Amino acid sequence: MQHELSSLRETVVSEVESVSNLTDLEAIRVATLGKKGRLTLLMKSLSNLSDDERRSAGTILNKIKNEIIALIDVRKTQFELEVINLKLAEESIDVTLPSRIRSKGFIHPISQVIEEMITIFGEMNFEIASGPEIEEDFYNFTALNIPPEHPARQMHDTFYLTKREGSEQKLLRTHTSPVQIRTMIGGCPPFRIIAPGRTYRHDYDMTHTPMFHQIEGLVIDDGTHFGHLKGCLADFVRLFFEVDDLNVRFRPSYFPFTEPSAEMDIGCSRKSGQLRLGGDEDWMEILGCGMVHPRVLQASGVDSHRFQGFAFGVGVERAAMLKYGIPDLRSFFDSDIRWLKHYGFGSLDIPSFLSGVTR
Ligand code: DAH
């Protein structure tokens, strides 16, 4: 047995040394260590030996087996290295080849404009608040001083959900104003929040889509007055439209949740069909605002004798159309990729509004 073992060892060693490629090396491995390999058969024949013989032959056999495994391994690595080196020597990469152009997607103008507005109000220390799009009648209307018989309810073209037994009437929020109520009920003054989000009305024509976006604003504190409202909103539109001397004016208006209420216009000119922002030749309505009605504060559990403040609501689509010259409102929601390529924003573009907010 001893003799057989050492002669097998010598044979395998010389085979492995003289082998010239990976395939032949693998063949040697199988012929030696495989199921019916030479060494495996010897291993099996150990059972025919006496205990003593088996023990000493077994030790040698294991030693030789390990030796052969290591030997084959080293040789295998050598061959693999040779293959790699050959590849490196023969192949080359042409780094001057232009890369394939991949479409990287575009940011929708609505997302871009919301982002811009958030950044501007963020600079003014506003926090972002949010509320549900499926809203309760109380938050959307009643708490905003729009009781059931109020004519403003008809003007809102509300989508109502089927009422369930024993639960509140649910609807799709018609504006972002309910977030004012939720914010005040859920916290204590002072408040300084904006709430961007989707809103819904049963309406569809050139200037209306059933889903659209608003940004709501609410500021409540001890001595907040109309002067703060004017300063804040004038700063906002100048930063947003990137026109430093943009003229603004406040026209008396009516909203049930504010008193007094106003509509804010920005100055513009419309010479030969061309709209330009700035000047005071003409005016364009941009947002609704006012001092929060004491009844709204009371409905939200805020002491209306101590606290007061202002609120505003901006239509995002309209602001986007004005700033980026997008002519048709409905195109925002057509999901036309060519439109998005034209009016959208690259994710790596430097946002233009950054220039506007640096002081
Ligand atoms: N919620 C109003 C609307 O959808 C917009 C608005 C006007 C919001 C005046 C306000 C505000 O907070 O003070 O038409």
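By convention here, each chain's residues receive numbers from 1 onward along its written sequence. With the structure being a predicted model, the display of local features is reserved for residues of pLDDT at least 70 and the display and counting of side-chain atom pairs for 80 or more, all residues being used for whole-chain, interface and lining totals. Processing note: side-chain calculations cover all non-hydrogen atoms of the structure and skip hydrogens and water entirely.

(A) Representation of the site of the ligand. We call a residue near a molecule or strand as soon as one heavy atom of that residue lies within 4 Å of the molecule or strand. Near the ligand you find 15 residues, and of these His175, Ser177, Arg201, Gln214 and Glu216 are the closest. Interatomic distance of 3.0 Å between a side-chain N/O atom of glutamine 214 and an oxygen atom of the ligand. Here an oxygen atom of the ligand and a backbone polar atom of alanine 311 are 3.1 Å apart. Taking 360 Å² as the accessible area of the ligand by itself, protein coverage stands at 90%. Here a strand is any run of E in DSSP of at least two residues, a helix any run of H or I of at least four, and the numbering for each starts at the N terminus. For the shell around the ligand, the elements supplying multiple residues, two or more each, are strand E5 (211-221), strand E9 (282-292) and strand E10 (308-315). Residues of the shell around the ligand, tallied by class, amount to 5 nonpolar, 8 polar and 2 charged. Throughout this description, a polar contact denotes any pair of N or O atoms lying within 3.5 Å of each other; where both atoms belong to protein, one of them has to be capable of donating a hydrogen while the other can accept it, and for residues adjacent in sequence the pair is counted only when both atoms sit in side chains. Method for areas: the Shrake-Rupley scheme with a 1.4 Å probe, in which residue coverage is limited to the protein chains shown. Gly is put with the polar residues, along with every residue not named as nonpolar or charged; the nonpolar set is Ala, Val, Leu, Ile, Met, Phe, Trp, Tyr, Cys and Pro, and the charged set is Asp, Glu, Lys and Arg.

(B) Representation of the pattern of salt bridges within the structure. What counts as a salt bridge is simple: a side-chain nitrogen of Lys or Arg found within 4 Å of a carboxyl oxygen of Asp or Glu. This structure, assessed with the given rule, holds 19 salt bridges. Across the pair glutamate 135 and arginine 182 runs a salt bridge whose closest N-O atoms are separated by 2.7 Å. Of this pair, glutamate 135 sits in strand E2 (residues 134-136) while arginine 182 is found in helix H8 (residues 178-185), placing the two residues 47 residues apart along the sequence. Partly exposed describes any residue whose relative accessible area lies between the buried limit of under 20% and the exposed limit of over 50%, with all areas from a 1.4 Å probe on protein chains only and scaled to the type maximum. Residue classification places glutamate 135 among the buried residues on the basis of a relative accessible area of 1%. Through salt bridges with shared partners, a single network forms among Arg249, Arg251, Glu263, Asp265 and Glu285.

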